[in-house]
Amino acid sequence: KLYGLAWAFPSWVGNSSGDPFKFPELTARYLVEWVAGAKSEYGLDVDYLGIWNEKASDSNFVQVLRKTLNQRGHEGTKLVVKDGGLDICNTLLNDKKYADAVDIIGLHYPTDFQDFSACQRLEKPIWASEESSSYDDLNGAACWGRVINSHWVINKITSSIMWNLVGAYYHGTNWYGSSMMTSVEPWSGHYEVNPVIWATAHVTQFTEIGWNYLLNGTGSGELPNGGYYATWVDPKSTDFTMNIVKISRDHAMCTRPPLPNFQVKEETVTIQLAASMKAPAELQVWYSNFETFDRAPPMLQKSTVKVTDNRFSLFVPIGSMFTVTTVTSGHKGSFDQIPSTSPSFPLDYADDFQSTPESQNARWFADQIGAFEIHPSSDGKKSLKQMVPELPIGWSDQGTRGPMTLIGMREWQDIEVKVDFKLPVAHSTGNAVSASTCPSDAFPVDLTDKQCNGLTKSDASTPTACREACCPLTDFCNVWEWDESSQSCWLGYVRDPSMCKVAKGFKSQFRHLERSHAACVAVRVDQMWENGVVLCVYADGYWRLSNSGPALPGSPGIPKPPVAEGHLAAALTSGWHSLALAASAENKVCASVDGKEIFANLQVRDLDTGFAAIGANEWFPIEFRNLSISKATSGGGWTPPSRCPRPSVGAELSVRNCSRNGLFAEDQGWELVPSYQLKHIDSGLCASATAPGPVVLEVCDSAKVGQLFVNDYTLIRNRVQLVTSKAVQQQLSGKKTGEVFVGNSGGDWKQWSYFPNTKQLRNQYVADTNLGYPLCLSTCPRAQTSDHEAEVLVFT
């Protein structure tokens, strides 16, 4: 079965209004053409169609969509509404026409412990149409095994759809490894077959679409000492399959929603089968355990159980998932030798984009804003072109920074990026002004006694200062506004001054800005280039070096001042140009355009780490080719990290500067064990704390509560999270001077993020100016130093 769901829409479906439901026929046409294209181009039947992922739905639009699908011959495509929360059920109960157009209630991450009565009164199938999004280790499998049974037992949810199937995207982009499989090394071919796959196989290998659930009390229900069981039967034969799952509270959590407290205990259960089930004398049994930590956990192990007098018994330990079935065709899949892991992106790297098929993405690039595809350029050669012509109707980011695609590693720091670019026919804004002047005709439209929405407060303290503050912000500010009542200045971008409402006591002016197109290249950037080192070169010759990507018009907030800015000797001519940017371990950057240096050895902050990226300042078809990425070796940033003695039992943990550029440092290498232990890879010892104070290493034993440091096992790989000592019930904390301890006060931070490529537990995920250079949990001994000293470790 195939299920399609839009996460965003092109701007044209809303006639640039930003609302996909304002012109329902346009949006319906867009979705139906997609359904038709899947069939005509690829022979695929789209069985189910959603509306807008985790955003609004609309009664009139859904009715129009249903009508349009029917008119185009897609009566069999069922509509799922609304891929969000439970509120949709009350909405449908109060709108019969809306409800009649809907086939299935789609809920995302539903908690079993809410009132589903409104949904059940609709008498429509209820789906968990997006579920799990949890990291794919034993905890993720425990989460998944629990919900695919509890959802039916508690709320009669008949489908749970895993988001997502294959995590083939870089660490450093959202929801790393929240998948059934992980495949993030296209250069090595390495992939991971994870426990979530086997939890899935407990159901999918032993059932078919169309089998029926048995109701609670007749084949499904809750176990006496905690846990769930659910049974499916084949309406066309005597085959049946039963799942039994028992997961403890500590490991039953998905990353969302939260769970209430509960207790489970191991037990022996006896199942009485009705004579009508015609059970054979022996049933197939498949067993996994997702809470086995000190040895290899059993995964889909096969056995049998005898049926006597239509009953059988099983011992059900904590962490277990059983499948008991009449189906004899099940098997644990196998695969060829998996290529060895090589988590570091291979450098030096180059791609001229000529060998990539047309209309495809560039190899190993990951588009984050906009869409970049390979297409022929005017000279007949291929280029990587940005294809989105205007701000889309977005799902999350509503238009903060310009289009960008990234490549590489979240840990990179010292690299050089070179690329050729071609802008559309260059044009000057005619509005650019010097930061030191603001001529009288800079703002030709008077908006006195009008108030514009969406502006940002400035520190300017007079109307003149307010006007002058807006003047140099030619990428951001086309309106300045002085509020007489509060004596405050407001700056920003307004697409249409007629939208500013009449309001006495405001003095303001407007100017039309036609922004000069810019090509941008970046190093050390995070996923949405909110932080990093970014150089943009404009068609009119202006260049700007910043700590973030270029702001789009109307984006919230006033852009931070550039690190540096200036003008080339002349405006860029039409045609192809080259752009290069390099950052070294001394945190100095240099850049050139067409081989001519525009700056050298400019000092930048030292805390940024991240990808290489290319992009633009606006929605236009910029083209790129001849990309290369190489190591910037100046300063020794690619030298293997210093070593310290291998630790022994009792050694206290510390922090030190994280190793650079994705290089593995033995003292900083940790495994986040699903038991919630922190295992030092090189020594094989585990962190331990039984009282507030220092954290030491011990021989690993998952039964020792002092070794358990509880965290959100998914989010800690995607942002900073608390890491809580289960024994002490206080946080793992750190100081810039090198101390690591368990305690809720006295530290510089108490949140951490895990970087799987380098196995580091860092004190920041994206650049944190309050913390400075990233620090990593380490086994190196800490020197006795004063509080103001930055380097605090002793090396051998």
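Residues numbered from 1 in each chain as written. Predicted model: local features only at pLDDT ≥ 70, side-chain atom pairs only at ≥ 80, totals over all residues. Heavy atoms only, no water.

S.K.: Before we move on, could you go through the overall build of the chain and cite the residues and values that matter?
M.R.: In terms of regular secondary structure, the chain is built from nine helices and 54 strands. Its C-alpha radius of gyration of 30 Å places the chain within 12% of the 28 Å reference for a compact globule of 796 residues. With respect to the three principal axes, the spread of C-alpha positions in the chain is 95 × 75 × 60 Å. Per-residue burial for the chain yields a buried fraction of 56% across its 796 residues. (Helix = DSSP H or I, 4+ residues; strand = E, 2+ residues; numbered from the N terminus. Rg over C-alpha atoms; globule rule 2.2 N^0.38 Å. Buried < 20%, exposed > 50% of the residue type's maximum accessible area, 1.4 Å probe, protein only.)

S.K.: Can you explain the sheet that holds strand β50 (residues 730–734)? Please cite residues and give values.
M.R.: Paired through backbone hydrogen bonds, the strands of a sheet run either parallel or antiparallel to each other. What the five strands build is an open sheet, ordered β45-β51-β50-β49-β47; its pairing is antiparallel. Each edge of the sheet is formed by a strand with only one pairing partner; in this case those strands are β45 (693–694) and β47 (709–710). (Pairing = 2+ DSSP bridges.)

S.K.: Kindly report on the side chain of Ser288, identifying the contributing residues and their values.
M.R.: Note that Ser288 resides in strand β15 (residues 282–289). Side chain to side chain, Ser288 and His202 meet in a polar contact 2.8 Å long. Within the structure, Ser288 has its side chain in polar contact with the backbone nitrogen of Leu300 (distance 2.7 Å). In this structure, Ser288 is in contact with His202, Pro298, Met299, Leu300, Gly319, Ser320 and Met321, ignoring residues within four places of it in sequence. (Polar contact = N/O pair within 3.5 Å; in protein donor to acceptor, adjacent residues only side chain to side chain. Contact = heavy atoms within 4.5 Å.)

S.K.: Requested: an account of unusual backbone geometry, with residues and values cited.
M.R.: Geometrically, the link from Arg256 to Pro257 is a cis peptide bond, its omega value of -5° lying close to zero. Summarising the element assignment, Pro257 is placed in the loop between α8 (249–252) and β14 (267–272). Cis geometry is adopted by the peptide bond preceding Asp348, which originates at Leu347 and carries an omega value of 5°. By the element assignment, Asp348 lies in the loop between β18 (320–325) and β19 (349–351). Unlike most non-glycine residues, Lys278 shows phi in positive territory, near 50°. With respect to the secondary-structure elements, Lys278 resides in the loop between β14 and β15. Using a relative accessible area of 60% as the deciding quantity, one classes Lys278 as exposed.

S.K.: Give a description of the pattern of salt bridges that names residues and reports values.
M.R.: In total, this model carries 17 salt bridges according to the counting rule given. Among the salt bridges present, the one from Arg72 reaches Glu33, with a minimum N-O distance of 3.1 Å. Note that Arg72 is positioned in the loop between α2 (59–71) and β3 (78–84) and Glu33 in helix α1 (residues 24–42), a separation of 39 residues in sequence. The class of Arg72 is partly exposed, set by a relative accessible area of 40%. Residue Asp414 pairs with Arg524 through a salt bridge whose shortest N-O separation is 3.1 Å. With Asp414 in the loop between β23 (404–407) and β24 (415–422) and Arg524 in strand β32 (residues 518–525), the pair connects residues that are 110 residues apart, well separated along the chain. Each member of the pair, Asp414 as well as Arg524, is classed as buried. Among the charged side chains, a salt-bridge network with shared partners connects Asp414, Arg524 and Arg660. (Salt bridge = Lys/Arg side-chain N within 4 Å of Asp/Glu carboxyl O.)

S.K.: I'd love a proper account of the confidence of the model for the chain, names of residues and values included.
M.R.: Taken as a whole, the chain shows an average pLDDT of 94; of its residues, 97% reach a score of 70 or greater. Under a pLDDT of 50 for its full length, residues 427–436 has, in the predicted model, 20 contacts with residues more than four places off or in other chains. Contacts of residues 784–796 to residues separated by more than four positions or lying in other chains number 31 contacts, the stretch itself having pLDDT below 50. (pLDDT = per-residue confidence, 0-100.)

S.K.: An account of the pairing of strand β22 (residues 382–386) is needed here, citing residue identities and associated values.
M.R.: Regular strands show a simple pattern: their side chains alternate between the two faces of the sheet. Burial analysis of β22 places four of its five residues in the buried class, which makes it a mostly covered element. The pairing of strand β21 (residues 372–376) with β22 spans five bridges and is classified as antiparallel. Within β22, the residue paired with His375 across the bridge is Ser383. Between β21 and β22, which pair antiparallel in sequence order, lie five residues; one of them, Gly380, sits at a positive phi of approximately 90°. As judged from the two bridges shared by β22 and strand β40 (residues 623–631), these two strands associate in the antiparallel manner.

S.K.: Explain the state of the cysteines residue by residue, including any values.
M.R.: Throughout the structure, instances matching the rule amount to 10 disulfides. Through a disulfide, Cys89 is tied to Cys119; the S-S separation comes to 1.9 Å. Its S-S torsion of about 90° marks the bond between Cys89 and Cys119 as right-handed, since a negative value means left-handed. Here Cys119 lies in helix α5 (residues 117–121) and Cys89 lies in helix α3 (residues 87–93), a separation of 30 residues in the sequence. By the burial criterion, Cys89 is buried, and Cys119 matches it. Here Cys686 engages in a disulfide with Cys700; their sulfurs sit 2.0 Å apart. Between Cys686 and Cys700, the S-S torsion sits near 95°, and that sign places the bridge as right-handed. Of this pair, Cys686 sits in strand β44 (residues 685–688) while Cys700 sits in the loop between β46 (696–699) and β47, and the two are 14 residues apart along the sequence. By relative accessible area, Cys686 is classed as buried at 1%. Residue classification places Cys700 among the partly exposed positions, given a relative accessible area of 27%. (Disulfide = S-S within 2.5 Å.)

S.K.: Describe helix α9 (residues 463–470), with residues and values.
M.R.: What α9 keeps buried is the set Cys466, Arg467 and Cys470. Buried residues of α9, seen end-on, are gathered within an arc of 95° and therefore sit on one face of the element. Buried positions along α9 lie against β28 (479–483), β29 (488–492) and β31 (506–510). (Arc of directions from axis to C-beta.)

S.K.: Hey, could you go over the packing of aromatic side chains for me, with residue numbers and the actual values?
M.R.: Enumeration over the complete set of coordinates arrives at 26 aromatic pairs. Pairing Phe206 with Trp286 gives two aromatic rings, centres 5.6 Å apart and planes at 40°, and the pair type is tilted. Here the residue Phe206 occupies a position in the loop between α7 (195–204) and β10 (212–213), and Trp286 occupies one in strand β15, the gap between them amounting to 80 residues. The same class applies to Phe206 as to Trp286, namely buried. Put simply, the rings of Phe9, Trp12, Phe21, Tyr30, Trp52 and Phe61 touch in pairs and so form one group of aromatic residues. The ring of Trp52 has Lys55 lying over it, and the distance from NZ or CZ to the ring centre is 5.7 Å. The ring of Trp152 carries the charged tip of Lys156 above its face, separated from the ring centre by 5.2 Å. (Phe/Tyr/Trp six-rings, centres within 6.5 Å; stacked < 30°, edge-to-face > 60°. Lys NZ or Arg CZ within 6 Å of the ring centre and 35° of its normal.)

S.K.: Lay out the packing of α1 against α2 in plain terms, naming residues and giving numbers.
M.R.: For the pair α1 and α2, the least separation of the axes is 9 Å and the interaxial angle reads 45°. Regarding the angle of α1 to α2, the classification is oblique. The interaxial crossing formed by α1 with α2 has right-handed handedness. Contacts from Pro24, Glu25, Thr27, Ala28, Leu31, Val32 and Val35 of α1 reach α2 at Asn60, Phe61, Val64, Leu65, Thr68 and Leu69. Here the residues of the contact of α1 with α2 sort into nine nonpolar, three polar and one charged. (Axes fitted to C-alpha atoms, helices over the stretch in contact; angles between N-to-C directions. Parallel < 35°, antiparallel > 145°, perpendicular 65-115°, else oblique. Left-handed = near helix turned anticlockwise from the far one by under 90°. Nonpolar A, V, L, I, M, F, W, Y, C, P; charged D, E, K, R; others polar.)

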